[in-house]
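As a plain string of letters, each chain reads:
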Amino acid sequence: MFTKAPINGEEDVVGALSLVLYTLILIPLLKYVLVVLWANDDGEGGTFALYSLICRHAKVNLLPNQLPSDARISSFRLKVPSPELERSLKIKERLETSVTLKRLLLMLVLAGTSMLIADGVVTPAMSVMSAVGGLKVGVAAIEQEHVVMISVAFLVILFSVQKFGTSKVGLVVGPALFLWFCSLAAIGIYNLVKYDSSVLRAFNPVHIYYFFKRNSTKAWRALGGCLLCATGSEAMFADLCYFSVRSVQLTFVFLVLPCLLLGYLGQAAYLVEHHTENMAELAFFSSVPSGVFWPVFLIANLAALIASRTMTTATFSCIKQSTALGCFPRLKIIHTSRKFMGQIYIPVINWFLLVVCLVFVCSISSITEMGNAYGIAELGVMMMTVILVTIVMLLIWQINIIIVLSFLVIFLGIELAFFSSVLGGMGDGSWIILVFAVVMFLIMLVWNYGSKLKYETEVKQKLSMDLMRELGPNLGTIRAPGIGLLYNELVKGIPAIFGHFLTTLPAIHSMIIFVSVKYVPVPVVPQGERFLFRRVCPKGYHIFRCIARYGYKDARKENQQAFEQLLIESLEKFIRREAQERLLESDGDDDTDYEDDSSSTRVLIAPNGSVYSLGVPLLAEYSNTSKPISEASTSEAAKPGTPGDPTGSDAEQSLERELSFVRKAKESGVVYLLGHGNIRARKDSWFIKKLVVNYFYAFLRKNCRRGIANMSVPHSHLMQVGMTYMV
C-alpha cells in the first residue's frame, strides 16, 4: 500500500491499517464465509458450480440437450418455486425465454473462470516471490535477481510435485498452516506489546475517511495493495469440495481471521516506530524478532507453497467443471485420491500454468506490479461471483429483495472501487495477466460456440423414422450377431452418422444401442441412475437409445468390461419394466426417441458424398431377400410377426425371448462404433465464422482428448466413421 501512498506520519499507518481490517471483515468474512459459501452445489464451489446450480433451476444452458427426465435424478434436489413467490417465477421465465440473457450469463461465467485460471498463474508467483523476498532482511547480500532465481526454482519444484494427491501431503499441510497462523498471531502480539498498542484504534472506521482525506488520489491508488489481504477468498470457495461449509466457517472465524488481524496490527505497530526507515516494503519480515527469523522464514515459504498449490487445485477443479458443462476442451484428468472424488490433477494445465508463471516472474520482478496483476485477476472472479450469487438469491433462495439488493450494491460497489484502482496501474506490466485471461476466455467461448453449432446441426440432420420403416427390421442389410454401441452426442433421434454405417458396412449388428455420454448439471449421478434407456424403433428392430449421465464431479473410472456389464444390466431392467407396464414409454416423457419427425432428413449420405433419397429406397430390397439370414442371426424374437403387445403368458414368453436375445448378443461380442462429426463453415459464411469454425475450433477439437479415451477399449473392438457437416 505504501508504495502508492508513502507514509507521512502515524495517522497514515493507522488509516491504512483500518482499511485493511475492514477489507478483511467485509470481503472474506461477511461476503464469502457468511454468504457465498452457502451458494455451493452439493459441496462444490466456484464459478461453474454456481452456473450449474442456476442451470438446474432454469433452462439457461445454451446446449440444447436437456431432457425432462434429468430432473428426476435424485441428486437434483430441485426446489420448485412456490406460486406465492411471483418474482422468482418471473425471473425463471425471463431467463429461459431470452437468448440474450442466456448468452450474457454464460459470458459472465466464462469471464469469471478465465480470471480464476489467471489467478492460478499469479498466486504461485506472488506467494513464492513475497516469501522468498524475506531473504533480503535475513541476508544483506541478497539482491532482487537472486530472489527471482530462487523463486523460479521453488515454482518448478511446486508444479512438479502437483501430481501427487493432496491426501499424500495432507499430513504436512495441516500442521504447517496451523504453525503459520500461530506465528502470525504471536509476532503480532509481540509487536503490539513492544512498540505501540495504540494502533488498536484503527477498528474505528473514521480513520479510513481521514486516510482518504489526507492522501486523496494516492489513497485510491493504494486500494490495489490493500486488496492483497483478501486474496485467496475465491480459492476458499472454489476448493470447497475438500471440506464442509461449517468446518471452513469455524476455522476462518476462530483461527484464520483473528491471526490475520493480529498479524496486521503487529506490522502497523512496528511501522509506527520505523516508518522513517523505509521499512514498509518488507514490514513483516523486518518486524520478526531476530531470534526466530529463520524458523518463521521457513514456515512462511512452506505456507506460500501450500497457498500456491491450493490455488492450482482450485483451477483444476474449475476446469473440470467447465469441461463437463461443454465450455472447455476435453483434457486428461487424473484422480489422485481413491477416497476423495474432488482431488484431481490435469497434466496439460499444470505444465501450461508453470510456463506462464515462469514467464510472468521473469518479466515482472517487482512485487508491486505483481500485486496489481493479482488484484486484476482476483477482482474479476469476485465481481462475477457477486452477480451469480445474486441470481441464486433471487431464483433459488427466494429471499427478501431488500437483502438481495443490499448484498449486490454493497459488495459490487466495494469491488468496483478496488477494480478501478488496479486498472489505474495496468501500465506497469500487470496488463500481461489481463491478456492471458482474455486468451483463456476466447478459448472457452470458441469451444462452447463450436460445440453448440455442431450439436444443433446434428439435431437438424438426424434420420427420420420413415426411412427406418422403409428399411425394415433388418435395416436393409444383414444383421450380424453382437451388440454395436454407436457413440454420438444426440440425446434424441437417430444420428445422421448412422446412415454412414448403413451405406458403408455390408452387415450391421443384431442389436444397436445409440450411446450418448452426457454431463448433467449436478455434482454426482448415483450409479443406479447412470443409464437412461429408450426404445428407438419397434421391438423387432432391436435398436435402443442409452444416455449415460454423469455429474461434473463424477470420475469416469469404468473400464471397458465394467461399462458393458453395467449397460447390459440396465438394459435388461428397462426391458423388464417396459414389459410390466406394457408401454413404450413407462414415464410418459416427451423425450422419447420413438417418434415421427417430419422435419428430419430423409436421405442417406455415402462416404463418397453421394446422396440417396427416399424416392428410391436404398437397401429396402434386401429386407425381402435376406430372410433366412435374418432368422439365423436375430433368433425368433426378431421375427416381424412377433406381437407388439402380448398379454398373459405370451407377454412373459416375449419378455424371456427378448432377454435371451440380449444375452446371446452380448456373448457374441460388443463393438464400439464411433462417429466423428466435424463441422466446417459454408463458403458463403462470414469471414469471422470461417476463421472461428474452420481453424480455431478445428484446432481445439483436433488436439483435445477423444471421448473414447476415458475407457480402455481395445482397437480390435473399435470402428470409426467420420462425417463433416457444413454449417
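Rules behind the numbers
Residues numbered from 1 in each chain as written. Predicted model: local features only at pLDDT ≥ 70, side-chain atom pairs only at ≥ 80, totals over all residues. Heavy atoms only, no water. Helix = DSSP H or I, 4+ residues; strand = E, 2+ residues; numbered from the N terminus. Buried < 20%, exposed > 50% of the residue type's maximum accessible area, 1.4 Å probe, protein only. Contact = heavy atoms within 4.5 Å. Areas by Shrake-Rupley, 256 points an atom, 1.4 Å probe, with all protein chains shown as cover. Lys, Arg positive; Asp, Glu negative; His and termini not counted. Salt bridge = Lys/Arg side-chain N within 4 Å of Asp/Glu carboxyl O. Pairing = 2+ DSSP bridges. Axes fitted to C-alpha atoms, helices over the stretch in contact; angles between N-to-C directions. Parallel < 35°, antiparallel > 145°, perpendicular 65-115°, else oblique. Nonpolar A, V, L, I, M, F, W, Y, C, P; charged D, E, K, R; others polar. Expected span 1.5 Å × (residues − 1). Arc of directions from axis to C-beta. pLDDT = per-residue confidence, 0-100. Phe/Tyr/Trp six-rings, centres within 6.5 Å; stacked < 30°, edge-to-face > 60°.

A tally of regular secondary structure across the protein chain gives 24 helices and ten strands. In the protein chain, which comprises 727 residues, the share counted as buried stands at 55%. Of all intrachain contacts in the protein chain linking residues separated by at least 6 positions in sequence, the fraction that spans at least 24 positions is 84%. Carbon and sulfur atoms form 62% of the exposed surface of the protein chain, whose accessible area is close to 30800 Å².

This brings us to the side chain of E378. Turning to its location among the elements, E378 is positioned in helix 15 (residues 367–397). Buried and without a salt bridge, E378 has K31 as its closest oppositely charged side chain, separated by 8.2 Å. Not counting residues within four places of it along the chain, the set of residues in contact with E378 comprises D119, A230, T231, G232, S233 and E234.

Here we take up the pairing of strand 3 (residues 478–487). In terms of burial, strand 3 is largely enclosed, as seven of its ten residues are buried. The pairing of strand 3 with strand 9 (residues 670–680) spans five bridges and is classified as parallel. Its bridge partner being in strand 9, I483 is matched across the sheet by V670.

Looking now at the packing of helix 4 (residues 99–132) against helix 13 (residues 293–324). Closest axis-to-axis distance for the helix 4/helix 13 pair is 9 Å, and the angle between their directions is 170°. Looking at the two axes, helix 4 sits roughly antiparallel to helix 13. Tallied by class, the residues present in the contact of helix 4 with helix 13 amount to 15 nonpolar, eight polar and one charged.

Okay, helix 6 (residues 144–160) next. Since there are 3.6 residues in each turn of an α-helix, residues three or four apart along the chain are aligned in direction. With 17 residues, helix 6 extends 24 Å from end C-alpha to end C-alpha; this agrees with the ideal 24 Å at 1.5 Å per step. Within helix 6 the residues assigned to the buried category are V147, V148, S151, L155, L158 and F159. The buried residues of helix 6 occupy one face: seen down the axis, they fall within an arc of 95°. Relative to its buried face, helix 6 has exposed residues pointing more than 90 degrees away, namely E145, M149 and I157. If you follow the buried residues of helix 6, they end up packed against helix 4, helix 5 (135–138), helix 13 and helix 14 (347–363).

The next subject is the pattern of salt bridges. Counted under the stated rule, the structure contains 14 salt bridges. Among the salt bridges present, the one from E10 reaches R201, with a minimum N-O distance of 3.1 Å. Of this pair, E10 sits in helix 1 (residues 10–33) while R201 sits in the loop between helix 7 (166–194) and helix 8 (206–215), and the two are 191 residues apart along the sequence. E10 gets classed as partly exposed once you look at its relative accessible area, which sits at 31%. By relative accessible area, R201 is classed as partly exposed at 27%. One salt bridge connects E415 with K31, and the closest N-O pair in it is separated by 2.5 Å. Of this pair, E415 sits in helix 16 (residues 401–423) while K31 sits in helix 1, and the two are 384 residues apart along the sequence. Through salt bridges that share partners, R535, K539, E578 and E658 make up one connected network.

Predicted confidence across the protein chain gives a mean pLDDT of 81, with 85% of residues reaching 70 or more. When mean pLDDT is taken per element in the protein chain, helix 1 scores highest with 94 and helix 22 (residues 627–634) scores lowest with 33. Scored below 50 in pLDDT, residues 583–593 makes 29 contacts in the model with residues more than four places away or belonging to other chains. This stretch, residues 595–646, has a pLDDT under 50; its non-local contacts, to residues over four places away or in other chains, come to 91 contacts.

Aromatic ring pairs are defined here through the distance separating the ring centres and the angle between the ring planes. What the rule picks out here adds up to 21 aromatic pairs. Relative to F293, the ring of F285 has its centre 6.0 Å away and its plane inclined at 65°; by these criteria the two rings are edge-to-face. When the centroid spacing of 5.2 Å and the interplanar angle of 55° are considered together, the rings of F407 and F411 count as tilted. Taken together, the residues span about one helical turn, with F407 and F411 both in helix 16 at a distance of four residues. The class of F407 is buried, set by a relative accessible area of 5%. Relative accessible area serves as the criterion here: at 8%, F411 is assigned to the buried category. By the ring-pair criterion, three or more aromatic residues cluster together here, those being W180, F284, F285, F293, W294 and F297.

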